[in-house]
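Descriptive structure summary
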Amino acid sequence: MMEKYKYIFFDLDGTITQSEFGIIRSARVALKKMGVDSSFESDDDMKKFIGPPLFNSFHDFYGMSEEDAEKAVAYYREYYEVSGLFDAPLYDGIRELVDKLFADGKKLFVVTSKPADIAKRIIEHFGLDSKFVCVIGPDRSERSPSKKELIERAISDNFIDDKSKVVMIGDRKYDIEGANEAGVDSIGALYGYGSYEELKTAGATYIVKIPEEIYEITCD
């Protein structure tokens, strides 16, 4: 079978893990501590926290000042790292997909807006760490690096010299737009939290309904 892509970049939330449960609870706790009532917002409304950097979410969605957004992020992480971190089951078919890609010799990476140390703990928790070359994400001192920056960091840090062999898999426009800006192909994961319209408008190279379809694309 011809190798189309050698380097497979996976987003984490909404692509590998169904992370809404821990994220939504943590966001509500942080908002409450900041004096913001989120009770009128449904869980579907709160899914807006999945994808963008946390600082951006509090700043953009709730009009918080930079100082208050930083406080909200701290409150979020305080709760999330104790109670929400692993409340994010793998999507059906993801473990099998990762195993097959790894067995085929693909180089797998996690490229996420979640802090790298937290993302690593999640990957380790699910026993997938041996299948991934590394996890690329911001460190705690970075406020809101774009997905483009993170993708470019993954390419640079791993000495990847042929971007045509790279594909970014993600469920939100941030992943797709970041891939386009970085000059790599993308796969929109419709089983995650983004809509078909969002992924198509963002310019996804491919859109899949289930993880199994990713294998067909990456090995076509």
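The coordinates are above.
Now for a quick tour of the structure. (Residues numbered from 1 in each chain as written. Predicted model: local features only at pLDDT ≥ 70, side-chain atom pairs only at ≥ 80, totals over all residues. Heavy atoms only, no water.)

To continue, consider the pairing of strand β1 (residues 7-10). Judged by which residues are buried, β1 turns out to be covered on both faces: Tyr-7 and Phe-9 on one side and Ile-8 and Phe-10 on the other are all buried. Summarising the sheet, β1 and strand β2 (residues 107-111) pair through four bridges and their orientation is parallel. Bridged to Phe-9 within β2 is Phe-109. Sheet topology places β1 next to strand β4 (residues 166-170); four bridges connect them, and they run parallel. Opposite Ile-8, over in β4, you have Val-167 as the bridge partner. (Buried < 20%, exposed > 50% of the residue type's maximum accessible area, 1.4 Å probe, protein only. Helix = DSSP H or I, 4+ residues; strand = E, 2+ residues; numbered from the N terminus. Pairing = 2+ DSSP bridges.)

Further remarks concern unusual backbone geometry. Within the chain, Phe-159 stands out as a residue other than glycine whose phi angle is a positive 55 degrees. Along the chain, Phe-159 falls in the loop between α7 (147-157) and β4.

Let us now look at the packing of aromatic side chains. Counted according to the given criterion, the structure contains seven aromatic pairs. Both rings, one in Phe-10 and one in Phe-132, keep their centres 5.9 Å apart while their planes meet at 80 degrees; by these two values the pair is edge-to-face. Note that Phe-10 is positioned in strand β1 and Phe-132 in strand β3 (residues 132-136), a separation of 122 residues in sequence. Phe-132 carries the same exposure label as Phe-10, and that label is buried. Aromatic side chains Phe-49 and Tyr-62 sit 6.1 Å apart centroid to centroid with 25 degrees between the ring planes, which places their arrangement in the stacked category. Here Tyr-62 lies in helix α3 (residues 54-62) and Phe-49 lies in the loop between α2 (43-46) and α3, a separation of 13 residues in the sequence. On the basis of relative accessible area, Phe-49 is assigned to the buried category, the value being 3%. Through a chain of ring-to-ring contacts, the aromatic side chains of Phe-49, Phe-58, Phe-61 and Tyr-62 assemble into a single cluster. (Phe/Tyr/Trp six-rings, centres within 6.5 Å; stacked < 30°, edge-to-face > 60°.)

Turning our attention to the sheet that holds β4. Read from one edge to the other, the open sheet built from six strands follows the order β3-β2-β1-β4-β5-β6, with strand pairing classed as parallel. The outermost strands of the open sheet, each flanked by one partner alone, are β3 and β6 (206-208). Along the sheet, successive strands turn relative to each other by an average axial angle of 20 degrees, direction set aside. Contacts between helix α6 (residues 116-125) and the sheet are confined to β2 and β3, with β3 contributing the most and set at about 145 degrees to the helix. Its contacts with the sheet put α7 on β1, β2, β3 and β4, and the angle it makes with β2 is roughly 150 degrees. (Axes fitted to C-alpha atoms, helices over the stretch in contact; angles between N-to-C directions. Contact = heavy atoms within 4.5 Å.)

For the coordinates displayed, the defined rule picks out twelve salt bridges. A salt bridge links Lys-114 to Asp-13; the nearest nitrogen and oxygen atoms lie 3.1 Å apart. Here Lys-114 is found in the loop between β2 and α6, whereas its partner Asp-13 is found in the loop between β1 and α1 (20-33), with 101 residues between them in sequence. The class for Lys-114 is buried, based on a relative accessible area of 9%. For the salt bridge of Asp-44 with Lys-47, the shortest nitrogen-to-oxygen distance reads 3.0 Å. On the accessibility criterion, Lys-47 (22% relative accessible area) is partly exposed. (Salt bridge = Lys/Arg side-chain N within 4 Å of Asp/Glu carboxyl O.)

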